[in-house]
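Structural features, examined
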Amino acid sequence: MTDSIFTKIIKREIPANIIYEDEYVVAFEDVNPVAPIHILVVPKKQIPTMNDANEEDTILLGKILLTAGKLAKQKGVSEDGYRLVINCNKGAGQTVFHIHCHLLGGRIFNWPPG
Ligand code: 5GP
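No experiment lies behind these values; they were computed from the predicted model shown. (Residues numbered from 1 in each chain as written. Predicted model: local features only at pLDDT ≥ 70, side-chain atom pairs only at ≥ 80, totals over all residues. Heavy atoms only, no water.)

1. So, unusual backbone geometry
Of note, the bond from Trp 111 into Pro 112 is cis; its omega dihedral lies within 30 degrees of zero at 0 degrees. Tracing the backbone shows Pro 112 in the segment after β5 (101–105). Residue Arg 12 is not a glycine yet carries a positive backbone phi of 65 degrees. (Helix = DSSP H or I, 4+ residues; strand = E, 2+ residues; numbered from the N terminus.)

Structure follows, in C-alpha cells:
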C-alpha cells in the first residue's frame with residue numbers, strides 16, 4: 001500500500017499542525033476547517049476505510065474516539081457540544097482513504113446532517 005497523505009503527515013514528510021501524538025494515533029488541524037475547531041484524529045496504522053477495520057483494530061478504534069473526546073475537553077467544547085464524524089467511502093464524502101475521525105466544535109450543528 002502506498003503511503004496516504006496522512007501517513008506522510010505522521011512521518012513528518014509533509015507539514016501539519018500536529019497537536020497530539022501517542023503510540024496509536026496522531027491528531028492535527030484540518031487544512032480546510034468547516035468549524036472553529038476541526039481536528040482530525042488519525043490512527044498510525046493505515047486502514048483505508050471503516051470497511052477495512054476488523055476485530056484486531058478494536059483497541060485502536062477505541063483510542064481514536066477517546067482521543068477525540070479528550071481533545072474536545074482540552075479545546076473547551078465538551079460542555080457546549082461537538083460532533084465526531086467518520087466518513088466511509090465516496091458516497092459519504094470520504095476523500096482521504098486512511099481512516100480518520102473529524103472532531104468538529106465551536107458552532108451549532110444541525111441534525112440530521114445535510
Ligand atoms: P474526509 O473527506 O476524507 O472525511 O476528510 C478528509 C479531510 O482531510 C478533509 O476535511 C480535508 O480538508 C483534510 N485534508 C486533506 N488533505 C489534508 C492535508 O494535507 N493536511 C491536513 N491538515 N488536512 C487535510
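2. Description of the site of the ligand
By nearness alone, 16 residues border the ligand, and Asp 30, Asn 87, Gly 93, Thr 95 and His 102 come closest of all. One nitrogen or oxygen atom from the main chain of Val 31 is found 3.3 Å from a nitrogen atom belonging to the ligand. Between the ligand and the protein, one listed contact pairs an oxygen atom with a backbone N or O atom of Gly 93 at 2.7 Å. The protein chains hide 82% of the 520 Å² of surface that the ligand would expose on its own. (Near = heavy atom within 4 Å. Polar contact = N/O pair within 3.5 Å; in protein donor to acceptor, adjacent residues only side chain to side chain. Areas by Shrake-Rupley, 256 points an atom, 1.4 Å probe, with all protein chains shown as cover.)

3. With respect to the sheet that holds strand β4 (residues 82–85)
Taking strand neighbours across the sheet as the criterion, the five strands line up as β1-β2-β3-β5-β4 in an open arrangement whose pairing is antiparallel. At either margin of the open sheet sits one strand with a lone partner, and together these are β1 (18–21) and β4. Here the strands of the sheet are splayed against their neighbours by 20 degrees on average, with no regard to which way each runs. Sitting on the sheet, helix α2 (residues 58–74) touches β1, β2 (25–29), β3 (37–43), β4 and β5, and the angle it makes with β3 is about 155 degrees. (Pairing = 2+ DSSP bridges. Axes fitted to C-alpha atoms, helices over the stretch in contact; angles between N-to-C directions. Contact = heavy atoms within 4.5 Å.)

4. Details of the pattern of salt bridges
Throughout the structure, instances matching the rule amount to five salt bridges. Salt-bridge contacts for Glu 21 lead to Lys 44; the nearest nitrogen and oxygen are separated by 2.9 Å. Of this pair, Glu 21 sits in strand β1 while Lys 44 sits in the loop between β3 and α2, placing them 23 residues apart in sequence. Residues Glu 56 and Lys 45 are paired through a salt bridge, measuring 3.0 Å at the closest nitrogen-oxygen approach. Residue Glu 56 is found in the loop between β3 and α2, and its partner Lys 45 is found in the loop between β3 and α2; the two are separated by 11 residues along the sequence. Classification of Lys 45 as partly exposed rests on a relative accessible area of 35%. Linked through salt bridges whose partners overlap, the residues forming this network are Arg 12, Glu 21 and Lys 44. (Salt bridge = Lys/Arg side-chain N within 4 Å of Asp/Glu carboxyl O. Buried < 20%, exposed > 50% of the residue type's maximum accessible area, 1.4 Å probe, protein only.)

5. Some words on the environment of Ile 5
As for its position among the elements, Ile 5 is in helix α1 (residues 5–10). Given the relative accessible area of 44%, Ile 5 is considered partly exposed. In sequence terms Ile 5 and His 98 are 93 residues apart; their C-alpha atoms lie 8.3 Å from each other. Residues within four places of Ile 5 in sequence aside, it is in contact with Ile 14 and Val 96.

So far we have only geometry, and geometry alone does not tell us how the molecule works.
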